[in-house]
Structure formats: C-alpha cells, structure tokens
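# Working through the structure, step by step
The lines below spell out each chain.
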Amino acid sequence: MNRILVATQNKGKIREIKDILKDTDLEILTPDDLGMSINVEEDGKTFLENAVKKAMAWREATGIDALADDSGLEVLSLGGRPGVRSSRFAGDNATDSENVDLLLKTMEGINDRRARFVCEVALALVNGGIISARGEYEGTILRKPVGENGFGYDPVFLDPGTGKTFAQLSREEKNAFSHRRKALTLIKDKLIAEGIIRSGTKVDSIP
Ligand code: ITT
C-alpha cells in the first residue's frame, strides 16, 4: 500500500490530514486530484457508521484504498448535540459561521459549557478490510468566536491546555494533539502492526 485517497470534500480536514500523515511514506490523493465528487448520504447514528459508509463508497467509486473522517462536536449540556449533525446543524447547506451562530444561540443562558470534539477515521482497503480508530478532545464552548484559523467550530472551542481557541492555534499546534491527530496516530499504529505500511515509517506518539 503506497497511496490512499483522503475521501473528504472538507478542505479543512484535507489540510489537517495531509499534514498529520506527511511523515509517512504514503502518497495522498484527494477527490480534487481525481476530479471526482460523490454524494454519500450520512444517515448513520454514529460517527463510526458514517465514516465506514463514506470510506466504502469512495473505495467502490475509485478502486483506491480510501480513508474517511466523520467528526463533530458533542456538547454535554445539549445531550451530545450537534454530534453527527455538526456540519448540518443550521441546515443541509449551512456554512461554518451559520452553524457556530446557531450553537451560540442554542447555548444562551447555559453555564455548563463542556464539550468535546470526536473524530472517527475509517480506512476501506481494496482487499476488503476496514480499519478504524477514534480520537476525542475535551474543551469548553466560548460565548463568542475568537481566532481566524482552522474550520468549523474551532473559533468557539477553548482548549484548556493552551487557554486558546482552536482557531487561535496554528495548524501545527492544533495537529499536535487534536481529536483528528489522535485518531490518525492510532490508524498509523494499526497499519504498521498489520504490516500494511512499511516499518520504518515514522509514527508519532500521542502527546
Ligand atoms: P466530508 O463528509 O466530505 O468529510 P463534512 O464537513 O460534511 O465533510 P462531517 O460530516 O464529518 O464532514 O462533519 C464534520 C463537521 O464537524 C465539520 O463540518 C465541522 O463543523 C465539525 N468539525 C469536525 N472536526 C472539526 C474540527 O477539527 N474543528 C472544528 N470543527 C470540526
């Protein structure tokens, strides 16, 4: 295995995943590189179901090992919402800022601001195998957006470790410990353990 398709149409995710996997010997392709776009209905009840569904759909469409990421924000006081609906919280074609605005409005008057990002990554191999891994990262939700970097809910997600929102961190800083970093590091470990990528490929440990 020397090339994989990063099966997402979210440019923010592509930038982060490429950055996190850059220390491996994998050649990374994107849907844009193939001039392809497919619509996969994300009707799963869990991040894992949706990640597997997306990875399998892209593997079938391209014949290439496909890695999909299904992720989102779970707010404790909202019973885990927006959860699997994170990208569509404010409607099917909602922008990041519309989703953030609705989240802040929904949380007006709520003092328990605890939340976590969840990232479930699934790799659908052409040989039929599926490998998956999950990463989580806990923080709190601010009352207004701060910072310009990242994507999605990053401007309102305060990292307790650095005291900054994810949108105030550089991509390298966020990628050093994020939910996505944790999930992808576990995937890399599994691929090496199963002999799917060459040993000697650099594997970073989870901080
Ligand atoms: P693909 O299905 O093509 O991968 P998508 O954006 O629709 O793209 P998801 O269904 O997994 O992907 O939705 C993920 C949403 O969760 C994303 O649009 C953000 O709103 C939010 N999200 C996930 N990871 C995030 C992160 O690291 N920082 C901020 N928001 C994030």
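These numbers come from a predicted model, not from an experiment.

Calculation criteria
- Residues numbered from 1 in each chain as written.
- Predicted model: local features only at pLDDT ≥ 70, side-chain atom pairs only at ≥ 80, totals over all residues.
- Heavy atoms only, no water.
- Helix = DSSP H or I, 4+ residues; strand = E, 2+ residues; numbered from the N terminus.
- Rg over C-alpha atoms; globule rule 2.2 N^0.38 Å.
- Salt bridge = Lys/Arg side-chain N within 4 Å of Asp/Glu carboxyl O.
- Pairing = 2+ DSSP bridges.
- Contact = heavy atoms within 4.5 Å.
- Axes fitted to C-alpha atoms, helices over the stretch in contact; angles between N-to-C directions.
- Buried < 20%, exposed > 50% of the residue type's maximum accessible area, 1.4 Å probe, protein only.
- Polar contact = N/O pair within 3.5 Å; in protein donor to acceptor, adjacent residues only side chain to side chain.
- Near = heavy atom within 4 Å.
- Areas by Shrake-Rupley, 256 points an atom, 1.4 Å probe, with all protein chains shown as cover.
- Nonpolar A, V, L, I, M, F, W, Y, C, P; charged D, E, K, R; others polar.
- Phe/Tyr/Trp six-rings, centres within 6.5 Å; stacked < 30°, edge-to-face > 60°.

## Here we look at the overall build of the chain
- In terms of helices and strands, the chain carries six helices and seven strands.
- Secondary structure elements in the chain, listed N-terminal to C-terminal, are β-α-β-α-α-β-α-β-β-β-β-α-α.
- The C-alpha radius of gyration computed for the chain amounts to 17 Å, which stays within 12% of the reference 17 Å derived for 207 residues, consistent with globular compactness.
- Taking the principal axes of the C-alpha coordinates as reference, the chain spans close to 50 × 35 × 25 Å.

## Quick word on the pattern of salt bridges
- Under the defined criterion, the tally for this structure stands at 16 salt bridges.
- When the shortest N-O distance is used, the salt bridge between Arg 180 and Glu 16 registers 2.7 Å. With a gap of 164 residues between them, Arg 180 in helix H6 (residues 179–193) and Glu 16 in helix H1 (residues 11–20) connect regions that are remote in the sequence.

## Observations regarding the sheet that holds strand E5 (residues 130–141)
- Taken in spatial order, the seven strands make up an open sheet running E2-E1-E3-E4-E5-E6-E7, and their pairing is mixed. In this open sheet, the two edge strands, each paired with only one partner strand, are strand E2 (27–29) and strand E7 (164–165).
- Sheet strands touched by helix H3 (residues 47–62): strand E1 (3–6), strand E3 (66–75), strand E4 (114–124) and E5. Its angle to E3, the strand with the most contacts, is close to 155°.

## Considering H1
- Taking burial as the measure, the 10 residues of H1 include seven buried ones, the bulk of the element.
- Within the span of H1, buried status applies to Gly 12, Lys 13, Ile 14, Glu 16, Ile 17, Asp 19 and Ile 20.
- Buried residues belonging to H1 abut E1, H3, E3, helix H5 (171–175) and H6.
- One side-chain oxygen at the N-terminal end of H1 lies 2.9 Å from the backbone nitrogen of Gly 12; it belongs to Asn 10.

## Looking at the side chain of Lys 174
- By the element assignment, Lys 174 lies in helix H5.
- Residues within four places of Lys 174 in sequence aside, it is in contact with Glu 16, Phe 151, Asp 154, Phe 166, Leu 169, His 179 and Arg 180.

## Some thoughts on the site of the ligand
- In the vicinity of the ligand, 20 residues are found, and the nearest of them are Thr 8, Lys 13, Lys 54, Asp 154 and Lys 174.
- Here an oxygen atom of the ligand sits 3.2 Å away from a polar atom, N or O, in the side chain of Asp 70.
- When the ligand sits alone it has 620 Å² of accessible area, and the protein chains cover 91% of it.
- Elements with a minimum of two residues in the shell around the ligand: E3 and H6.
- The greatest single-element share of the shell around the ligand, amounting to four residues, is contributed by E3.
- Split by residue class, the shell around the ligand holds three nonpolar, nine polar and eight charged.

## As for the packing of aromatic side chains
- The full count for this structure, using the stated rule, is seven aromatic pairs.
- With centroids separated by 6.1 Å and ring planes inclined at 55°, the aromatic side chains of Phe 166 and Phe 177 adopt a geometry described as tilted. Residue Phe 166 is located in the loop between E7 and H5, and its partner Phe 177 is located in the loop between H5 and H6; the two are separated by 11 residues in the primary sequence.
- Among the residues examined, Phe 166 registers a relative accessible area of 1% and is labelled buried.
- Among the aromatic residues, ring-to-ring pairing joins Phe 117, Tyr 137, Phe 157, Phe 166 and Phe 177 into one connected group.

## Quick word on the pairing of E4
- In terms of burial, E4 is a largely internal element, nine of the 11 residues being buried.
- Sheet topology note: the E3/E4 ladder contains 10 bridges and is antiparallel. Following the sheet pairing, Ala 66 is matched in E4 by Ala 124.
- With 11 bridges joining them, E4 and E5 adopt antiparallel strand pairing. The partner of Arg 116 across the bridge, within E5, is Glu 138.

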